[in-house]
Amino acid sequence: MTTYLYLSLIPEALIASMLPPDDFGLYYSIGSAKRSHGQAIFFSVDREKLGDAGLPWEDVEARCVAHEDGSPKRSLYLTIYRALERVPRNALTALHLATDDGRVLTVTPQDFVPDGEDRTHLYQELCPVTPRIVSHLNPAEFATFITGSRRNVHVPRIVFAELTLGNLKNNPDHPDIDNLPYPNIGHLRDCLRELAAAPDKATKTVLRQMTQEVLFRTIRNGVFVGDSSGISAFPLPSRDALEREHRAWWRSAQSTFGQ
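For clarity, every value in this text was computed on a predicted model and none was experimentally measured.

Chemist: Can you walk me through the packing of aromatic side chains in this structure?
Modeler: Geometry of an aromatic ring pair is reported as the spacing of the ring centres plus the angle between the planes. Counted by the stated rule, this structure contains 14 aromatic pairs. Look at Y4 and Y6: their rings are 6.1 Å apart centre to centre, the planes differ by 5°, and that puts the pair in the stacked class. Following the ring pairs from residue to residue traces out a cluster consisting of Y4, Y6, F24, Y27, Y28 and F42. Across from the ring centre of W57, 3.6 Å away, lies the NZ or CZ of R47, which sits over that ring. Across the ring face of F145, the terminal group of R151 is positioned such that the distance to the ring centre comes to 4.0 Å.

Chemist: Hey, could you run me through the pairing of strand β3 (residues 40-45) in this one?
Modeler: With six of its six residues buried, β3 lies for the most part within the structure. Along β3, one buried face is formed by A40, F42 and S44 and the opposite face, lined by I41, F43 and V45, is buried too. Here three bridges tie strand β1 (residues 4-9) to β3, and the two strands are oriented antiparallel to one another. Bridge pairing in β3 links L7 to F43. Alignment of β3 against strand β5 (residues 92-98), held across six bridges, turns out to be antiparallel. Bridging from a neighbouring strand, A40 pairs with A98 of β5.

What counts, and where the lines are drawn
- Starting afresh in each chain, residues are numbered from 1 along the sequence in its written order.
- A pLDDT threshold of at least 70 governs which residues receive local features in this predicted model, and a stricter bar of 80 or more applies before side-chain atom pairs are shown or counted, although totals over entire chains, interfaces and linings include all residues.
- Values shown for side chains rest on all heavy atoms present in the structure; no hydrogens or waters enter the calculation.
- Pairing of aromatic side chains requires ring centres within 6.5 Å, counting the rings of Phe and Tyr and the six-membered ring of Trp. Pairs whose planes differ by under 30 degrees are stacked, by over 60 edge-to-face, and all others tilted.
- Geometrically, a lysine NZ or arginine CZ counts as sitting over a ring once it is within 6 Å of the ring centre and also within 35 degrees of the ring normal.
- Burial here depends on accessible area, computed with a 1.4 Å probe over protein chains only, as a share of the maximum for the residue type. Under 20% is buried, over 50% is exposed, and the range in between is partly exposed.
- Starting at the N terminus, helices and strands are each numbered in turn, a helix being any DSSP run of H or I of at least four residues and a strand any DSSP run of E of at least two.
- By the convention used here, strands pair only if DSSP detects at least 2 bridges between them.

That is the geometry; function is a separate question.
Shown next as structure tokens:
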């Protein structure tokens, strides 16, 4: 059987498994007994591009093997500490978003191309830290800002998603919030107003940490991985493509309640 390598973001971990991505997403979301439910966000990792990374590869050879009854080894944790920074961006070959009932959407990396729209951005950081941020910066600029070593507070690599702001993207006081599903819209408006009043301020924190599941249906543009060398984009399909080609995943994503 093939051994796969996955970088999980919830929680952060590097995991070897004999399950292909769809089966691993199902297992990771609802467990083998189907008594638990929770989202999973993970990348497929190219072992050849990972190098040694200080990981116990001998364990993979010895322990990531089929059980006596022939069933595959579902998971073998290689590290649960600072896993993201050990994996170079070019080793991330696909992103998998699993809903809490185990439906998996897979997207592949593309070069980041700014959309050219002048707007405020809402970012949900996913790993290794999880605040929610509003910013004037586009995704590439935001990644450079967060990973810049000249700042006292920075991380070596960041994974984040851009979330929709609807009509608030250019006007914090817009009366139509377009059914934005976020809690405490008043606080979000306050953060946007504060940012608008300070053009030199790069970011403003909306939530200090993520405490519930991400609403996949609010992701705009996609998920990004950035570090000092650049940014990789994992764009989601268009709304029309989600409805036509990924109907089961999209319907499950629409029924999820989070923050």
